[in-house]
Protein chains: 4
Amino acid sequence: MKKLNIGLIGHKFMGKAHTHGYTDVSVFFKPEIEVVKHTICSNEQSVKDVAEQWGWKNTTFDWHDVIDNPDIDVVDIAAPSIIHAEISIAAANSGKHVFCEKPLALTLSDAKAMVDAVQDADVVNMIGFNYRRVPALALARRLIDDGEIGEIFHFRGIYQQSWLSDKGFPLAWRLRKMDAGYGSHGDLGAHVIDIARYLVGEFESISCIQQTFYKQRPIPKIEDGLVAVAGDEMGTVDVDDTSQMLVKFAGKKTSGYIEVTRYGTGHRNQNRIEINGSKGAIVFDMEKMNELEFYTTSDKPHVQGFRRIQVGEADHPYTANWWPAGHIIGYGDTFVNQVYDFISAIRDNKKVKPDFKDGYICQVILDAAQNSAETGKWVEIKY
Amino acid sequence: MKKLNIGLIGHKFMGKAHTHGYTDVSVFFKPEIEVVKHTICSNEQSVKDVAEQWGWKNTTFDWHDVIDNPDIDVVDIAAPSIIHAEISIAAANSGKHVFCEKPLALTLSDAKAMVDAVQDADVVNMIGFNYRRVPALALARRLIDDGEIGEIFHFRGIYQQSWLSDKGFPLAWRLRKMDAGYGSHGDLGAHVIDIARYLVGEFESISCIQQTFYKQRPIPKIEDGLVAVAGDEMGTVDVDDTSQMLVKFAGKKTSGYIEVTRYGTGHRNQNRIEINGSKGAIVFDMEKMNELEFYTTSDKPHVQGFRRIQVGEADHPYTANWWPAGHIIGYGDTFVNQVYDFISAIRDNKKVKPDFKDGYICQVILDAAQNSAETGKWVEIKY
Amino acid sequence: MKKLNIGLIGHKFMGKAHTHGYTDVSVFFKPEIEVVKHTICSNEQSVKDVAEQWGWKNTTFDWHDVIDNPDIDVVDIAAPSIIHAEISIAAANSGKHVFCEKPLALTLSDAKAMVDAVQDADVVNMIGFNYRRVPALALARRLIDDGEIGEIFHFRGIYQQSWLSDKGFPLAWRLRKMDAGYGSHGDLGAHVIDIARYLVGEFESISCIQQTFYKQRPIPKIEDGLVAVAGDEMGTVDVDDTSQMLVKFAGKKTSGYIEVTRYGTGHRNQNRIEINGSKGAIVFDMEKMNELEFYTTSDKPHVQGFRRIQVGEADHPYTANWWPAGHIIGYGDTFVNQVYDFISAIRDNKKVKPDFKDGYICQVILDAAQNSAETGKWVEIKY
Amino acid sequence: MKKLNIGLIGHKFMGKAHTHGYTDVSVFFKPEIEVVKHTICSNEQSVKDVAEQWGWKNTTFDWHDVIDNPDIDVVDIAAPSIIHAEISIAAANSGKHVFCEKPLALTLSDAKAMVDAVQDADVVNMIGFNYRRVPALALARRLIDDGEIGEIFHFRGIYQQSWLSDKGFPLAWRLRKMDAGYGSHGDLGAHVIDIARYLVGEFESISCIQQTFYKQRPIPKIEDGLVAVAGDEMGTVDVDDTSQMLVKFAGKKTSGYIEVTRYGTGHRNQNRIEINGSKGAIVFDMEKMNELEFYTTSDKPHVQGFRRIQVGEADHPYTANWWPAGHIIGYGDTFVNQVYDFISAIRDNKKVKPDFKDGYICQVILDAAQNSAETGKWVEIKY
C-alpha cells in the first residue's frame, strides 16, 4: 500500500486533535493508503515526550526541516496562527499538500497569498472547519440540497463559550490581537460563518457590532496552550469578547444573524444553528452533536413536530464507518472524518472542501465585520 | 336555553377543579345548555365562604339536601372516597346524573353496587379519570386507532410524585387505609391503569409488589384537604408507598409495566407513558402535558426520529376550542374538557366514557394487585 | 362584598382571553371584591350570542354606551388597535379605570395622549403585556433581582410564529398597516421589548432591519378575527414579516438582540428568552411556559448545569393559587393572574405595572425601530 | 518505556472497539507503558486485511498461537461467547492477563471455572462492562458515594434497542441460544445489571418474565458479524426478545426494575437509568451519553429542578484527558478509558473492576432470571 508521510507542526490542543485523526483513521475507514505519523514539530522541548506518547517517528524544533524533508508528503499546520502563512506558502512551494487550522492567517493579504500559493502549486489544500465533518451538519446540508427545507427565510447561529465570565481569567493569547489576530469573532464566529456558507450560501453584506466586557485582565505569569495562570499585573484586552452580526445573503431573501460570545455563562461550547424555510426547519446544537432536529410541513398536520434524529444510522453521512446505529461519536471523531476526506482527496488527486479559498472568504467576512464594527456601517462582502 | 343545575359535593382540591370546569366550560365550548352552579355541599363551615368566592348560588352541610332537591339535575361527587358509594347510589336512585371522582369506592362490592345503581336508573354516569381529556393522550389514542403504532409490544406507565421523600411529612389521610382505601396504587396507579385500558386494551392478569418505605410518620395535629401539619405522636402507614405491577393484556402480546411512587424525588407529578409498537412509538409525560412524542417507521430512514408534537392545533382533540395554535392549556383545563363531554352526554341523552363501569374495572385490577402483593402470585383479572 | 362592574369592548381572541380572566379569577384568587361581567360591546351582531355564552349581563353595539354608563367601573379594551386611543381617553375622562390590550395605539402621538389622559384622571391603567404574568418569567425577574445572575452580559429574545410560511395565507388585518399599525415587530416584538425592559432595564439605542418576504398575498374575501379566507385578488403587504433588532441598554454593558418572525416554520408560538450573566444564566421558552432553565456558578463545579425548574411550587410567583405542585397552568391562565393584579390595584387604590407608560415606551422603541429600518442608522431611545 | 504486547482474539464489532482502545489510549492518556498491537487472531481469512488496516503486527488463525506466544502479555477476548471460557482459562494458565468481553460465558459453570482460573493464576482480569467507563455514570457513582442522593428508593434501568421490530429481520446468531447463550437479557440486561450493582449494590432476589414476540424468523443465508441476510427458510427463535425483572437489593429498601427489549421502536440504543433517593435523583440516558441529569433537595426550594450536567469538565471522571470542557466524547471512547484502566492495573500490579467475578455474579443473576421466568417464582441470588 502506498504511504503518505505526514509532517505535523504544533503539539497542543489542535496537534492532539489532528494526531487523533491520523491515528484512528484506519480503524474506521479504509483509506487505501498508509498514513504514517512521520514527523512532529514544535519549538518547545516538550514535543519530544509528546512524540513518543502519540507515536510520531521523528521530531524537530524547526518547521523548515519539515518543509525540506523530501519524504514528507503532507504538511499539517496546527501551530499558532501567526506562522500559518509563512509555513503554508513554503509548503506549497515545496509541492507538499497542506492542511491548515483556522483562521487561515492574521491578515487578509497573508490569506490571499496563501490561496495564491496553493493554487499555483496545485497542491491539495484544506482548512480546519471541522464542523462540516459533524454528521448531523452534513445531514443538514443533504436535507437542504434535497429541498426538504424549501426557500430559507432565517439563519441563526449562536456560538457560546463561557470561559471569560470569570473576571479573573488571565489575558491569554486568544485575548491578544498580536497573537490571535481576532477575538471571539475570529475564533468562534469563523466556524459559524463557514457553516452559514455551507448551508445557506454566499454573503452579500454584513453589519456587525462588537464589545469587550472586561477590558483589563491579569497578564499570565505562566502560559502553555490552553493553560494560563494569572499573574499580578494587569493588561488590556484588545480583541472583542462578543460579536453580533446581521447578515444578508447573495441572491437570497434569507435573514441572517450570527452571535458569538465567550461570556455565555452556562454553555461551555454551544454552537446552535437554526434554519427556518418555507417547507421545514432545522436546529442543531453542538452540545448534542449527534442529533439533528428537523421539522417538515410535509408531515400530516396532526403529527407535525420537530423530530430529533439520532444521527448515527448507516444512512447518515460518515456514520456507517463508525458503530452500530445509536452509538454516538465524539467531538474528536470529526477530525477522523476530516483526515479521511483530506487524504482521500490526495489519494484520488481531487479537490476537497473547505479549502484555503474558503478560509480566505471567511477572513474577508471577518475583516468586513471589524470594519463594520468600527464604522457602524453595513459592509459589502467582496472577494 | 335549557338549564342544567349542578349539585357539587366537596369543596377542596377536586371541588375547586370541578368548579373551574363548570365555570369556564361556556367560555371555551358551546354546550347549548346553561350550566348553573346551583348548590355546593360540605360538612365544613368553610363551604359558605367558598360558595361565595366560587359563585355557587346555594350551600348546604348535608348531602341529602342535594339528593332531595328536585331542581338539581346532576350530582357531582368530589367528597372523600368513603362516601362515594352512598351518595352515588342515592343520586342514581333519585334519577340524577352522577359524576364521581376516582377511586369509585373503597371496596369492590361498593363499586359493584354503584355500577348496578346507575345502570338500573339509566342515568348518565362518569368517573373522574381526567387524563383521557388531556389532548395529547386523546391524540395518542387516535394515532393508535389509526394504526400508526401497529401491533403494540410495550406499555410502560411510570407515575412519580415526591411528597413522601421527606421523612417528616405527616400521616395524612391519603396514607390511612381507612380513609383512602388504597395507597399510591389506588391514587396514582388508578390513573395509569385507566390510561393503559384506554390506549392498549383490557387486562388479562397482573403481578404486583408493593412497599412502604417509611412505616412510621407523625400523626397530623391539623389536617385540611391537602394541608397537613405534623404533630408529636407517631402512627403507622398502612398503605403502599410504591407499587410495581407487571401486566399481561387480554388477547395481546403487549408487555406491560406500571410503577407508581410518592418517593419519586425530583418529580412533582410525572406521569410518563411509553408505548412501542411494530410501526411506531409514543411517549407522553404529564410534566409536558401539551406535547406528544411520536415516532413512525413510515418516515424516510434518514429522517426518522421522535417528533415532539405541540398538541394545540385545530386538528387536535379539544384544542380547537381553546387558543390559537401554540398557546398551551393547563392541568385544570382537562376538567373543562371533561365537563363539556359530560354535559354533552346529558344534553344528547348518550353514554360517556369513562363511566362507573370503567371505575369498577379499575378497582377490580387494584384489588387484584393487592391480592398479588400479598400472595406473591399472578392474579387473573375477572369481572 | 364590594362590586366591580366591568365593561369589555371586543369579543374575539382577546375578548375571550379577558372574559376567561374575569370568569375564573375568583376560583383561584380571593380578590375580596366581586367582579361582575356587566357589559360586553362590539359593533358586530354576534356579540349577542357571545354575551349569552360567556355570561355577560348586557350587550351594546356602541362603545360610548360603556363610557356613559355610570355603573361601569372598569373599561377593558380588547378591540382593534385603531380605536384604542379614542376609547381609552374617553374612559379616563369619565373617571373609569382602563385596561388596554397591546399595542397601546397606532401612533406615538395617540399613545402619548393616552398616557396623559390616564395620568390626568388618576385612574388605574394597565396594558396587556401578559407575559409578565407567566410565573416562570416572574421567577426570572425575582432571580435577577436577587442577584443570582449577576451582571447581565447577554439578552436574546427570539419570538417565532409560522403562519406566514404559507404563501397562500391571505392579506389579513395583521398584515395591513392601516389596521395593525405595525407588522411582526409591533405584534410579537412588543412583547419581547417589554420582557427585556422587565428583566434587564431601559433601552439606550437600537438598530433594526426589517423585511417582508412575500409582498403579494391574496386579499381575504371573508375575515373574522383570526379567521381569514383567501379571495382571488392580490394585494400588497405593507408591514414587516420579520425584524432583527440590536439593542444597547442604558447604563449597562448588556448586549441585546431581539428577533421576531411570522415565518418561523416549526414554531407556532416560540418566545425564547436567553440571559447570560456573570453569575448565572436563564432560558425561557413560551412553548414550555411552566419551566424556567436556570444555571448558577454557585453550584459546586462538578454538578453545574442548567436546571429545569418546574415553576409550579407554592414558592413560585402566582402558582400557590392554582394547583398542587407539578400541575401546570396554561396560556389563558396568565390572563387570570393579570386580572387579579389589575383588580387588586383598583381595590387597594394603587398603581400596577405594566401601565400605559410602559405601553408608550414600548411604542417609542417600535417607532425608533421603524426609523432605524428606514435610515439604516442607530436610533436613540428618548421619551 | 516498558512494552505491553497485546493479543486480540476477534476482529468484528468488539474487535474494532478494542483496537480503537489500544490505538488511541496513548493519544489521550499517559500510560507510561508502551501498548503494542502485537497479534490479532480470527479463524476467518479477512483477519489479514483487517490486521493491515488496523495496524496489528501479526495475525493468526488459531487462538492457541496467541496463548503459546511467550511475547504476548495480554489476551483480549472479543471472540464469540462460546469460546470465552476455553480461551480465558488457557490464557490464565499461561500467566497472561485477560480481558474478556461480556457475557463471561454461556454457562454458569464455565463462568465459575474462569473466575477460579484467573484467581489461581493471579493475573489481572477484567470484563467488558464498558458502561462503567462512561464519564456520566462514573460521576453518578461519585454523587452516590458522596451521599448526594441519600437513601436510594428507586432504581429503574430500561434498555431499548429496536432491530427486531422488523418481522423480516433474520434469525441471526444473537437469536440462537446455542451461539449467544442468552437473549436480550444476556445481551442488554447484563449491562443494566452491572450498572445496578455499580450504583446501588448487590442483589438479594429477583422475579422475571420473558417473552419472544416473533418466534419464527428467516434463517440467514449470509451472516458475518452484525450483518445477516434473510434466506428462504424459517427457523425458531429460542431466546427472549424482551425481559422484565423486579429486583430486591441486599440490605436495602430500594425498589428495582430492569427491562430490556429489542423491540423498542424509536430507540436504537437507549439505556435509561433512573435513581430516586431521599436527597436527590439521577437520570442517565445512553442516547445523551455526555449528560447526567441530577436533582438535589439541597437547592433552595424555588430553584430546585433537574440540572443537565454536561459531563466534560476537568472535574469529571476521565474527561480531563480528552478535550476542553463542552467537547463531547463518543461511545467508542469508553473503550479507550477502559483500556487505560486495564493497562494501568497491569502496570501497577493491582486489581481492576469490573473483573471476572463481577461477570460471574452478573451471570448468576441472568440464570436466576431465566429460572424465575420458567417457574414464575422469585429466586434468591446466591454465589
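All of these numbers come straight from a predicted model, not from anything done at the bench.

Cut-off values and rules
- Residues numbered from 1 in each chain as written.
- Chains lettered and ligands numbered in written order.
- Predicted model: local features only at pLDDT ≥ 70, side-chain atom pairs only at ≥ 80, totals over all residues.
- Heavy atoms only, no water.
- Patch = residues over 30% accessible without salt bridge, like charges linked within 9 Å, V, L, I, M, F, W, Y side chains within 5 Å.
- Areas by Shrake-Rupley, 256 points an atom, 1.4 Å probe, with all protein chains shown as cover.
- Salt bridge = Lys/Arg side-chain N within 4 Å of Asp/Glu carboxyl O.
- Helix = DSSP H or I, 4+ residues; strand = E, 2+ residues; numbered from the N terminus.
- Phe/Tyr/Trp six-rings, centres within 6.5 Å; stacked < 30°, edge-to-face > 60°.
- Buried < 20%, exposed > 50% of the residue type's maximum accessible area, 1.4 Å probe, protein only.
- Lys NZ or Arg CZ within 6 Å of the ring centre and 35° of its normal.
- Least-squares fit on C-alpha atoms with pLDDT ≥ 70 in both.
- Contact = heavy atoms within 4.5 Å.
- Pairing = 2+ DSSP bridges.
- Axes fitted to C-alpha atoms, helices over the stretch in contact; angles between N-to-C directions.
- Buried area = accessible area lost by both parts, 1.4 Å probe.
- Polar contact = N/O pair within 3.5 Å; in protein donor to acceptor, adjacent residues only side chain to side chain.
- Nonpolar A, V, L, I, M, F, W, Y, C, P; charged D, E, K, R; others polar.
- Parallel < 35°, antiparallel > 145°, perpendicular 65-115°, else oblique.
- Left-handed = near helix turned anticlockwise from the far one by under 90°.
- Lys, Arg positive; Asp, Glu negative; His and termini not counted.
- Charge placed at Lys NZ, Arg CZ, Asp CG, Glu CD.
- Core = buried A, V, L, I, M, F, W, Y, C linked by side-chain atoms within 4.5 Å.

Draft legend 1. How the structure looks around a nonpolar patch on the surface. Residues Ile-222, Val-227 and Val-229 of chain A make up a contiguous nonpolar surface patch of about 240 Å² in total accessible area. When you line up the elements, Val-227 of chain A lands in strand E10 (residues 227-236).

Draft legend 2. Region of the structure containing the packing of aromatic side chains. Taken as a whole, this structure holds 82 aromatic pairs over all chains when the rule is applied. For the ring pair Phe-213 of chain C and Tyr-263 of chain C, a centre distance of 4.8 Å and an interplane angle of 65 degrees mean the geometry is edge-to-face. Here Phe-213 of chain C is found in the loop between strand E8 (203-211) and strand E9 (216-224), whereas its partner Tyr-263 of chain C is found in the loop between strand E12 (255-261) and strand E13 (270-277), with 50 residues between them in sequence. The exposure class assigned to Phe-213 of chain C is buried, which follows from its relative accessible area of 4%. A ring pair is formed by Phe-28 of chain D and Trp-323 of chain D, whose centres lie 5.3 Å apart and whose planes are at 75 degrees; its orientation type is edge-to-face. One end of the pair, Phe-28 of chain D, is in helix H1 (residues 13-28); the other, Trp-323 of chain D, is in the loop between strand E16 (306-310) and helix H9 (333-348), and 295 residues separate them in sequence. When the ring centre of Trp-323 of chain C is taken as reference, the NZ or CZ atom of Lys-16 of chain B above it lies at 5.6 Å.

Draft legend 3. How the structure looks around the relation of the copies chain B and chain C. With an RMSD of 0.0 Å, chain B superimposes on chain C once it is rotated by 180 degrees and translated 0.0 Å along the axis. One copy is carried onto the other by what is essentially a two-fold rotation axis. The position closest to the rotation axis in chain B is occupied by the C-alpha of Gly-330 of chain B, lying 2.0 Å away. Comparing interface residues between copies, 100% of those in chain B also lie at the interface in chain C; the contact surface is shared.

Draft legend 4. Expanded view of the relation of the copies chain A and chain C. Between chain A and chain C, which share one sequence, the superposing operator has a rotation angle of 180 degrees and an axial displacement of 0.0 Å; the RMSD is 0.0 Å. When you check the interface residues of chain A against chain C, 100% turn up at the interface there too, and the contact is symmetric in its surfaces.

Draft legend 5. Representation of the side chain of His-154 of chain A within the structure. Inspection of the secondary structure assignment puts His-154 of chain A in strand E7 (residues 152-160). Classification of His-154 of chain A as buried rests on a relative accessible area of 0%. What His-154 of chain A contacts, discounting residues up to four positions off in sequence, is Thr-254, Ser-255, Glu-274, Ile-275 and Asn-276 of chain A together with Phe-213, Thr-242, Glu-259, Thr-261 and Tyr-263 of chain C.

Draft legend 6. Expanded view of the sheet that holds strand E1 (residues 3-9) of chain A. All names here are of chain A. Across the sheet, which stays open at both edges, the six strands sit in the order E3-E2-E1-E4-E5-E6 with parallel pairing between neighbours. The open sheet has two edge strands with one neighbour each: strand E3 (58-60) and strand E6 (125-127). The sheet shows a mean angle of 20 degrees between the axes of neighbouring strands, taken without regard to direction. With three bridges joining them, strand E5 (residues 97-100) and E6 adopt parallel strand pairing. Each bridged residue has a counterpart across the sheet, and for Phe-99 the counterpart in E6 is Met-126. Set on the sheet, helix H2 (residues 47-54) makes contact with strand E2 (34-41) and E3; between it and E2 the angle comes to about 165 degrees.

Draft legend 7. Spotlight on helix H4 (residues 84-93) of chain B. Residue and element names in this part refer to chain B. H4 sits mainly inside the fold: seven of its ten residues count as buried. Of all the positions in H4, only His-84, Ala-85, Ile-87, Ser-88, Ala-90, Ala-91 and Ala-92 are classed as buried. On its buried face, H4 sits against strand E1 (3-9), helix H3 (63-68), strand E4 (74-77), strand E5 (97-100), helix H5 (108-121) and helix H10 (356-375).

Draft legend 8. The arrangement of unusual backbone geometry in detail. Of note, the amide linkage connecting Lys-102 of chain A to Pro-103 of chain A takes the cis form, showing an omega dihedral of -5 degrees. Secondary-structure assignment places Pro-103 of chain A in the loop between E5 and helix H5 (108-121). With a phi angle near 55 degrees, Asp-122 of chain C is a residue other than glycine that sits in the positive phi range. A positive phi angle, close to 70 degrees, is found at Tyr-318 of chain D, a residue other than glycine. Tracing the chain through its elements places Tyr-318 of chain D in the loop between E16 and H9.

Draft legend 9. Molecular detail of the interface of chain A and chain C. In this complex, chain A contributes 37 residues to the contact, which on the side of chain C involves 37 residues. A buried area of about 3200 Å², summed over both sides, lies between chain A and chain C, and 55% of it is on carbon and sulfur atoms. Across the chain A-chain C interface, the total number found is two salt bridges. Linking Glu-259 of chain C and Arg-156 of chain A is a salt bridge whose minimum nitrogen-to-oxygen distance equals 2.8 Å. Taken together, chain A and chain C are joined by 24 residue pairs in polar contact (both at pLDDT 80 or more). Secondary structure elements with two or more residues in the side of chain A that touches chain C: E7, strand E8 (203-211), strand E11 (242-249), strand E12 (255-261), strand E13 (270-277) and strand E14 (280-285) of chain A. When grouped by side-chain class, the residues that make up the side of chain A that touches chain C number twelve nonpolar, 18 polar and seven charged.

Draft legend 10. Here's a closer look at the interface of chain B and chain C. Between chain B and chain C, the contact holds 39 residues from the first and 39 residues from the second. A combined buried area of about 3600 Å² lies between chain B and chain C, and 58% of that area is made up of carbon and sulfur atoms. Put simply, chain B and chain C have two salt bridges between them. Inspection of the region where chain B meets chain C yields 18 residue pairs in polar contact (both at pLDDT 80 or more). Elements with a contribution of two residues or more to the side of chain B that touches chain C: helix H1 (13-28) and helix H2 (47-54) of chain B. Looking at which element gives the most residues to the side of chain B that touches chain C, the answer is H1 of chain B, with ten residues. Split by residue class, the side of chain B that touches chain C holds 16 nonpolar, 13 polar and ten charged.

Draft legend 11. Molecular detail of the environment of Ile-329 of chain C. Residues and elements named next belong to chain C. Looking at the secondary structure, you find Ile-329 in the loop between strand E16 (306-310) and helix H9 (333-348). Judged by relative accessible area, Ile-329 falls into the buried class, the value being 2%. Here the alpha-carbon distance between Ile-329 and Asn-290, two residues 39 residues apart in the chain, equals 7.1 Å.

Draft legend 12. Expanded view of the packing of helix H8 (residues 184-199) of chain A against helix H10 (residues 356-375) of chain A. All names here are of chain A. For the pair H8 and H10, interaxial distance at closest approach is 10 Å and the crossing angle is 120 degrees. Here H10 runs oblique to H8, going by the angle between their axes. Like other packed secondary-structure pairs, H8 and H10 cross with a definite hand, here right-handed. Judged by residue contacts, His-185, Gly-186, Ala-190, Ile-193, Asp-194 and Arg-197 of H8 engage Asp-358, Ile-361, Cys-362, Ile-365, Leu-366 and Ala-369 from H10.

Draft legend 13. Broad picture of the sheet that holds strand E1 (residues 3-9) of chain C. All names here are of chain C. Taken together, the six strands give an open sheet; going across it, the order is E3-E2-E1-E4-E5-E6, and neighbouring strands pair in parallel fashion. Of all strands in the sheet, those with a lone pairing partner are strand E3 (58-60) and strand E6 (125-127), marking the two edges. Pairwise comparison of adjacent strand axes, ignoring direction, gives a mean angle of 20 degrees for this sheet. Here E1 pairs with strand E4 (residues 74-77) via four bridges, running parallel. Bridge pairing links Ile-6 to Val-74 in E4.

Draft legend 14. Up close: the pairing of strand E10 (residues 227-236) of chain C. Of the pairings in the sheet, the one linking E9 of chain C to E10 of chain C comprises seven bridges and is antiparallel in character. Directly across from Gln-216 of chain C, in E10 of chain C, lies its bridge partner Thr-236 of chain C.

Draft legend 15. Looking closely at the pattern of salt bridges. All names here are of chain D. Counted by the stated rule, this structure contains 104 salt bridges over all chains. One salt bridge in this structure joins Arg-176 and Glu-223, with 3.1 Å as the shortest N-O distance. Residue Arg-176 is found in the loop between strand E7 (152-160) and helix H7 (177-180), and its partner Glu-223 is found in strand E9 (residues 216-224); the two are separated by 47 residues along the sequence. Among the residues examined, Glu-223 registers a relative accessible area of 30% and is labelled partly exposed.

Draft legend 16. Here's a closer look at a positive patch on the surface. A cluster of like positive charges, contributed by Lys-3 and Lys-57 of chain A together with Lys-3 and Lys-57 of chain D, occupies part of the molecular surface. With respect to the element layout, Lys-57 of chain D can be found in the loop between helix H2 (47-54) and strand E3 (58-60).

Draft legend 17. Here's a closer look at the packing of helix H5 (residues 108-121) of chain D against helix H10 (residues 356-375) of chain D. Residue and element names in this part refer to chain D. Look at H5 against H10: their axes get within 9 Å of each other, and the N-to-C directions meet at 165 degrees. Classified by the angle between their axes, H5 and H10 sit roughly antiparallel to one another. Note on packing geometry: the crossing formed by H5 with H10 is left-handed. Packed against H5, whose contacting residues are Leu-108, Ala-111, Lys-112, Met-114, Val-115, Val-118 and Gln-119, the element H10 presents Phe-356, Lys-357, Tyr-360, Gln-363, Val-364 and Asp-367 at the interface. In terms of residue class, the contact of H5 with H10 is made up of eight nonpolar, two polar and three charged.

Draft legend 18. The arrangement of the nonpolar core in detail. Ranked by size, the top nonpolar core spans 235 residues in total, and within it Phe-203 of chain B together with Phe-203 of chain C carry the most contacts. Apart from residues no more than four positions distant in its own chain, Phe-203 of chain B is found in contact with Ile-193, Ala-196, Arg-197, Met-245, Val-247, Lys-248, Phe-249, Ala-250, Ile-258, Ile-365 and Ile-381 of chain B. In terms of nonpolar packing, the next biggest core, distinct from the first, is built from 234 residues, Tyr-22 and Ala-78 of chain A together with Val-134 and Ala-138 of chain D among them.

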